[in-house]
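# Chain and residue survey
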Amino acid sequence: MTAPILEARGITKSYGHVRSLQGADISVDRGEVVALIGDNGAGKSTLTKILSGALKPDGGEIRVDGVPVTFDSPVAARRHGIETVYQDLSLALDLNPIQNLFLGRELPAKGLLGRLGFLDRAAMRQAGEEAFRSLSVRIPDMRGAVANFSGGQRQGVAVARALMWAKRLVFMDEPTAALGVAQTRNVLDLIRRVRDSGVSVVLISHSMPDVLAVSDRIVVLRHGRRVATFDAKRVTSDELVGAMTGTLELSGAA
Amino acid sequence: MTEATSAAKAPIAPETSAPGTAGPSGPPPGLGARILARPELMIFGSLVIIVAIFIAMNPTAFLSPINLRNIAVEASMMIILAVGMTYVIITGGIDLSVGAILVFSSVCSLLAMRWVGSDTAIAPVVGLAVSLGSAAVWGVVNGLFIARTKLNPLIVTLATMGIAMGAARLLSGGVDLTGVPKVLIDEVGIGRVHGVPVLVIIAAVFAIVAGVVLHRTRFGLYTYAIGSNEQGARRAGLSVDRHLVMVYVISAVCAGLAGYFSLSRFASTTIAGHGTDNLKAITAVVLGGTSLFGGSGTLFGTTAGVFIPVVLAAGLVIIGLPSFWQEVAVGIVLLIAILLDQMRRKSGSR
Ligand SMILES: Nc1ncnc2c1ncn2[C@@H]1O[C@H](COP(=O)(O)OP(=O)(O)OP(=O)(O)O)[C@@H](O)[C@H]1O
Ligand SMILES: [Mg+2]
């Protein structure tokens with residue numbers, strides 16, 4: 001059996017007295033959709049940020065393909081093919097959708113101009129439009145600031161950015177929050193498509209039906225710890241809620 | 001900070017329609033919305049109207065070469081400061097120290113030129129290098145404090161303003177120094193090419209280059225990105241700290257250049273003459289539509305914003321009104337500009 005593409009063990013993180021993560025574990029295999037669920041404040045976003053390199057853990061071990069790594073910046077995680085849709089989307093609102101897609105990875109202009117810092121705006125625009133189209137993300141205005149987009153359209157830009165660059169793993173922190181049924185189904189379809197192309201997904205969601213519909217495995221986080229892992233085929237919504245709130249653990253212990 | 005903000009819970013865009021169905025992109029925005037989105041056009045329009053009024057009221061005096069040259073030279077000095085300030089404000093910062101850095105670097109520059117001998121051929125070159133170099137040091141100090149310690153730029157640059165100004169007075173003994181190389185005064189300060197002051201030509205080239213860098217290069221793009229969402233910029237892999245230091249160095253070097261030009265124009269240091277330069281530069285930048293919240297602005301707008309106070313000052317005198325009206329008018333326009341900025345932010349629901 002090959003090692004998981006990403007594995008984290010005993011991750012801890014405190015903010016002052018708040019112990020957000022108290023030894024959290026998670027592992028993701030290739031081409032797998034793992035749902036990460038838990039109540040508000042369980043530490044899902046904190047774990048996501050740590051595994052994306054956006055936040056430094058206090059302790060614990062992260063392995064990529066079984067090899068220990070330290071992510072000292074998001075760039076380090078990206079080098080391993082890991083991309084993230086942050087819960088706050090992390091977009092530059094004054095920039096347009098194309099600029100957001102390519103931020104930090106701009107295509108330089110050819111030749112001397114490129115070395116002077118000029119950008120190949122036409123090429124980025126073409127590639128960006130192509131990415132939005134292939135992901136069925138509709139953008140009202142390619143030249144307009146993302147600030148003028150609806151919340152949903154902004155989320156589309158963030159999702160497209162992560163999916164466009166992800167080689168191996170995408171973290172999606174509540175990409176379907178407050179969505180209509182149809183829009184949610186489209187995102188879930190995207191997740192399946194990404195998975196089928198060999199890229200793993202870690203989906204964070206509060207919607208049990210969505211989680212059950214799309215994931216292969218479900219990891220439950222409570223008080224900064226993994227308290228249960230379920231096979232999505234053999235678990236019910238009630239069991240998940242029980243694990244998140246702690247009642248299941250109690251009844252199981254009794 | 002927790003992330004459970006309203007923006008995070010917003011609906012999503014990937015829509016159900018098949019790819020390729022372009023769909024209507026909503027109704028075209030109204031005129032008000034478009035002007036809100038392009039404040040620099042509004043300020044440019046105002047400038048054109050002001051100029052037109054002065055020309056209509058007294059064409060011979062307003063269009064006289066001497067008046068035009070005066071306006072252009074005044075604006076040139078300010079535009080150099082305002083260029084750096086535009087970069088700073090786009091990152092969401094502010095730089096109060098530019099006037100003091102100008103004075104400090106001009107004192108250092110002049111002392112260096114006198115030390116190598118004001119009439120030697122290398123004096124102007126030494127002076128320029130010392131001027132830019134001594135200014136850049138302050139930029140590094142500002143930038144490091146602001147980027148690394150997360151101190152408020154207003155306070156950091158207020159502090160360096162005081163230190164730089166005090167240091168300039170200590171170095172000069174508190175009195176203005178003379179001894180500016182004659183060649184510098186003749187060729188740069190009062191020099192002209194085909195009737196156009198050299199200072200104006202240099203400032204114009206400088207502003208154009210700075211505008212191209214801001215609007216067309218990766219460096220400029222990162223300046224906007226950091227002002228829009230600093231944390232997002234870090235997550236996108238940008239070296240935010242290094243970029244901020246560079247931006248404050250740019251602002252300081254602009255002040256150093258202005259200090260050098262000030263020497264060449266007035267043939268001495270002008271220690272007491274730059275107390276409000278920082279506020280004038282900020283005024284020009286904000287008038288020009290650059291948002292004090294960071295993330296948006298243009299150098300074109302800043303240029304128009306520089307000219308408005310200068311044109312008003314010159315024009316009011318020509319039509320026989322007290323030039324104090326200039327301060328009143330600029331203050332009012334400034335208030336309007338920041339009100340519009342505020343409205344723009346709200347409509348973008350940031
Ligand atoms: N920057 C921070 N400063 C202080 N405390 C923080 C910070 N970020 C998170 N926390 C705390 O860490 C804990 C875990 O937060 P986290 O955002 O990871 O939860 P979550 O599982 O993503 O919750 P939600 O479902 O509401 O998004 C919470 O108690 C939160 O208050
Ligand atoms: Mg969260």
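Structure first, text after, so check above.
What comes next is a walk through the structure. (Residues numbered from 1 in each chain as written. Chains lettered and ligands numbered in written order. Predicted model: local features only at pLDDT ≥ 70, side-chain atom pairs only at ≥ 80, totals over all residues. Heavy atoms only, no water.)

A separate point is the sheet that holds strand β2 (residues 18-28) of chain A. Residue and element names in this part refer to chain A. One open sheet accounts for four strands, arranged β2-β1-β4-β5; its pairing is antiparallel. What marks the edges here is a single partner per strand, and that holds for β2 and β5 (67-69). Taking the axes of each pair of neighbouring strands and ignoring which way they run, one obtains an average angle of 30° across the sheet. (Pairing = 2+ DSSP bridges. Helix = DSSP H or I, 4+ residues; strand = E, 2+ residues; numbered from the N terminus. Axes fitted to C-alpha atoms, helices over the stretch in contact; angles between N-to-C directions.)

All names here are of chain A. By size, the foremost hydrophobic cluster in this structure holds 136 residues, and its most contacted members are F132, M172 and I191. When near neighbours in sequence (up to four residues on either side) are disregarded, F132 contacts P97, I98, L101, V137, I139, M142, V157 and A160. Of all hydrophobic cores here, the second largest spans 28 residues; its members include L47, I62, F71 and F171. (Core = buried A, V, L, I, M, F, W, Y, C linked by side-chain atoms within 4.5 Å. Buried < 20%, exposed > 50% of the residue type's maximum accessible area, 1.4 Å probe, protein only. Contact = heavy atoms within 4.5 Å.)

Residues and elements named next belong to chain B. Under the criterion given, the structure shown has zero disulfides over all chains. Looking at the unpaired C108, the closest cysteine sulfur is the one in C254, lying at 18 Å. Judged by relative accessible area, which is 14%, C108 ranks as buried. (Disulfide = S-S within 2.5 Å.)

Residues and elements named next belong to chain B. Applying the stated criterion across every chain yields a total of 23 salt bridges over all chains. With its nearest N and O atoms 2.8 Å apart, the salt bridge here joins R38 to E40. Classification of E40 by relative accessible area gives buried; the value is 7%. Salt-bridge contacts for R265 lead to E74; the nearest nitrogen and oxygen are separated by 3.0 Å. Remark: E74 occurs in helix α4 (residues 65-90) and R265 occurs in helix α12 (residues 240-266); sequence separation between them is 191 residues. Of the residues examined, R265 reaches a relative accessible area of 23% and is grouped as partly exposed. The exposure class assigned to E74 is partly exposed, which follows from its relative accessible area of 39%. Each of R148, K150, E230, R234 and D241 takes part in salt bridges that share partners, so that together they form one network. (Salt bridge = Lys/Arg side-chain N within 4 Å of Asp/Glu carboxyl O.)

Scope: geometric values only; no functional claims are made or implied.
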